Amino acid sequence: MHNIILFGTTGAGKTTIGRLLASRYHIGYLCTGDIVRKYSKEPVKAALSAGHLSPDQDIIETEVKKTLLKAYRPMVLDGIPRTVEQVQWLFEADNPYGYLGIYLNVPFSMALRNVQARNRDMFDQEDMMRARHETFMNTTMPLVEKFKDMNQLITMHIDYEDDVNAVFTMILLRIKSY
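On a predicted model such as this, the values are computed, not experimentally measured, just so you know.

Draft legend 1. The arrangement of unusual backbone geometry in detail. Pro81 follows Ile80 through a cis peptide bond whose omega is 5°. Mapped onto the secondary structure, Pro81 falls in the loop between strand S3 (75-78) and helix H5 (84-92). In this model, His26 sits at a positive phi of 55°, which is unusual for a non-glycine residue. Within the secondary structure, His26 sits in the loop between helix H1 (14-25) and strand S2 (28-31). We classify His26 as exposed; its relative accessible area is 63%. Notably, Asn151 is not glycine yet its phi reads approximately 60°, a positive angle. Position of Asn151 among the secondary structure elements: in the loop between helix H7 (126-149) and strand S5 (153-157).

Draft legend 2. The arrangement of a negative patch on the surface in detail. Among the surface-exposed residues, Asp159, Glu161, Asp162 and Asp163 lie close enough to one another that they form a single negatively charged patch. Relative to the helices and strands, Asp162 resides in the loop between S5 and helix H8 (164-177).

Draft legend 3. Focus on the nonpolar core. Ile4, Ile17, Leu21, Ile102, Leu104, Ile171 and Ile175 are the most contacted members of the largest nonpolar core, which totals 27 residues. If you list the elements that add at least two residues to this core, you get strand S1 (3-7), H1, strand S4 (99-105), helix H6 (108-118), H7, S5 and H8. Every residue in contact with Ile175, bar those within four places of it in the chain, is listed here: Met1, Ile4, Leu21, Tyr25, Leu100, Ile102 and Ile154. Grouped together as the second largest cluster of nonpolar side chains are 17 residues, Val87, Trp89, Leu143 and Phe147 included.

Draft legend 4. Representation of the sheet that holds S4 within the structure. Taken in spatial order, the five strands line up as S2-S3-S1-S4-S5 in an open sheet, and their pairing is parallel. Edge positions in the sheet fall to S2 and S5, since each has one partner strand and no second. Here the average twist between neighbouring strands, direction ignored, is 20°. With four bridges joining them, S2 and S3 adopt parallel strand pairing. From the neighbouring strand, Tyr29 faces S3, where its bridge partner is Val76.

Criteria and thresholds
- Residues numbered from 1 in each chain as written.
- Predicted model: local features only at pLDDT ≥ 70, side-chain atom pairs only at ≥ 80, totals over all residues.
- Heavy atoms only, no water.
- Helix = DSSP H or I, 4+ residues; strand = E, 2+ residues; numbered from the N terminus.
- Buried < 20%, exposed > 50% of the residue type's maximum accessible area, 1.4 Å probe, protein only.
- Patch = residues over 30% accessible without salt bridge, like charges linked within 9 Å, V, L, I, M, F, W, Y side chains within 5 Å.
- Areas by Shrake-Rupley, 256 points an atom, 1.4 Å probe, with all protein chains shown as cover.
- Salt bridge = Lys/Arg side-chain N within 4 Å of Asp/Glu carboxyl O.
- Lys, Arg positive; Asp, Glu negative; His and termini not counted.
- Charge placed at Lys NZ, Arg CZ, Asp CG, Glu CD.
- Core = buried A, V, L, I, M, F, W, Y, C linked by side-chain atoms within 4.5 Å.
- Contact = heavy atoms within 4.5 Å.
- Pairing = 2+ DSSP bridges.
- Axes fitted to C-alpha atoms, helices over the stretch in contact; angles between N-to-C directions.

Structural data, given as structure tokens:
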């Protein structure tokens, strides 16, 4: 079993799928959103609300590195890596499991709907979601392409009608055939 890196824009379902994968395979789960919420102060929360990546990348990277180095089993990584630099230090980390990327490709309108469904305060923040989606496309999509080029990527095209359990089952089948 490899470490699994989940890629997708905000609202794509990374956390839902990540927790299901971790439970199914009895592996660790590391969500950078949880780290940001644990350590962040108001300026970080303001930056995130504006659609930017967390300016506290040092904290995130330190926590992820510490967790990966202590890991005696593979992990699901939700929200990291997001930059080329993070991929470089992730691949350099002393972790024996290797990496498999899973890209949850959802339409922007679906991601927006998902975020609004879990956070009613987001209904008036479509601009913030557009900014976060643009950041994902500009910053993280090159990593998705890198994983694709290395033949270490599973891409899941998810539509409105797709049930989370059906998507999860399809991911399990794709992982098994990997």
